[in-house]
Amino acid sequence: MTVENDFDSLPIIDLELLNGKQELLLEQLQHALFHVGFFYVKNHGIPQELFDRATRLAIDFFDLPQEIKDKSDKIHSRSFLGYSKQGYETTNGKKDNREQFDFGNSLGIEVKPGMPEYLGLYSPFPWPSDEDVFGFKDTFSELLDQYNILGRRLVRMVAQSLELPSDAFDQYFEPNQQNRAKIVKYPAVDEFDSSKGNQGVGPHKDVYGLLTLLYQANDLPGLQVQNHSGEWIDATPISGTLVVNIAVGLETLTSGLMPATTHRVLNPPPGMGPRYSIPFFLSVRLDKPFEVLDLPKKFDSLKSKVVVSDSDGQFKEFFLNKLNLSVLYARIRSFPDVGYRYYTKLAKEIGIDENTRI
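Residues numbered from 1 in each chain as written. Predicted model: local features only at pLDDT ≥ 70, side-chain atom pairs only at ≥ 80, totals over all residues. Heavy atoms only, no water.

K.L.:
Provide a residue-level description of the packing of helix 2 (residues 48–62) against helix 4 (residues 136–161), including the pertinent values.
P.N.:
Between helix 2 and helix 4, the shortest axis-to-axis distance is 10 Å and the interhelical angle comes to 135 degrees. Judged by the inter-axis angle, helix 2 sits oblique to helix 4. Crossing of helix 2 over helix 4 shows left-handed handedness. For the pair helix 2 and helix 4, contact is made by L50, F51, R53, A54, L57, A58 and F61 and by F136, T139, F140, E142, L143, Q146 and Y147, respectively. Residue classes in the contact of helix 2 with helix 4 are distributed as 10 nonpolar, 2 polar and 2 charged. (Axes fitted to C-alpha atoms, helices over the stretch in contact; angles between N-to-C directions. Helix = DSSP H or I, 4+ residues; strand = E, 2+ residues; numbered from the N terminus. Parallel < 35°, antiparallel > 145°, perpendicular 65-115°, else oblique. Left-handed = near helix turned anticlockwise from the far one by under 90°. Contact = heavy atoms within 4.5 Å. Nonpolar A, V, L, I, M, F, W, Y, C, P; charged D, E, K, R; others polar.)

Laid out in structure tokens, this is it:
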């Protein structure tokens, strides 16, 4: 099926337009948000030196002996943060050919009996030590802070593009907010068993928050965005830019006006070496159900979109009533060993037991 006026490339939003051309910037942003769900952003304010340093440390970490990386394995924390080996996460029931380290800012919460289970997501987790990768925790904590500043800046602009007050989304953030990010290594297809295909991460929509910001750390292809006709569009790395996309939370708040666009990553072709990326997820508070925004009537005709998607489209309903449970279920499905160890009852509810393997 072909959707009329569908996109075949991703727009580029220049934040320099905030200096004297804000109306033009909001017009361009509105188009990207309403009709694409993905865009590049340049002049974003995060120093390139910080990204370069983070990339070097990411490569250093992934090059460590397996037993050293395993000291930071996710299995050591109920937060689902930490290291996971190649092929230890699934998308739609299929293994993803990637190695990764998930991290977030610490909230210092130790879960005790009687506390809500979702608070386990904020538990401490193991970082690589300075003895193993000097400066790793400090650098990625600094990057997390910079990402958060930019993410909150962008979400204020999103509100303005909806002709809402710039603080319209503030109610979904906590003063002590946890946001998450990860470093990812996608090996080239000649670096693992060819029978595992080339799914770096399968078709999906980002579930957990409002926006995702992504730094593509080297020049290799892989990220693809599915347009509304179902065709896959390459999101080629562009120097000096980040890729931004809408998550299911923002789609839910806007009743589909702003689509959470399906995307995937393919492993690099043979001989090209691994692809590295550093995505950030602008999260929301988990104790407050979403309420659909009261948007200007002029946008009503744009809400009913025909969109072809290879993603399963789950979880949208949870944002309106069971947000923290939705997040827990999603984490447990992706990492059943961690889920069964720390959230046994919930894991069993979705068919996961001690014998479940990825």
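There is more to say after this.
K.L.:
Account for the nonpolar core, naming residues and giving values.
P.N.:
Nonpolar side chains in soluble globular proteins tend to end up buried together. Core analysis: the largest hydrophobic core is formed by 91 residues, its most contacted members being F140, Y147, L162, F169, I183 and L211. With near-sequence residues (within four places) excluded, F140 lies in contact with A54, L57, A58, F103, W127, I183 and I278. Listed in part, the 15 residues of the second largest apolar core include V184, L214, L223 and I233. (Core = buried A, V, L, I, M, F, W, Y, C linked by side-chain atoms within 4.5 Å. Buried < 20%, exposed > 50% of the residue type's maximum accessible area, 1.4 Å probe, protein only.)

K.L.:
Run through the sheet that holds strand 9 (residues 209–216), naming residues and quoting values.
P.N.:
Hydrogen bonds between backbone atoms are what pair the strands of a sheet, whose relative direction is either parallel or antiparallel. Across the sheet, which stays open at both edges, the 8 strands sit in the order 1-2-12-9-14-7-6-3 with mixed pairing between neighbours. Among the strands making up the open sheet, the edge pair consists of strand 1 (12–14) and strand 3 (82–84). The mean angle between the axes of side-by-side strands here comes to 25 degrees, regardless of whether they run parallel or antiparallel. Bridge count between strand 6 (residues 99–104) and strand 7 (residues 180–186): 6 bridges; the pairing is antiparallel. The residue of strand 7 that forms the bridge with E99 is K185. On the sheet, helix 2 packs against strand 3, strand 6, strand 7, strand 9, strand 12 (241–246) and strand 14 (275–283) and is oriented at approximately 60 degrees with respect to strand 7. (Pairing = 2+ DSSP bridges.)

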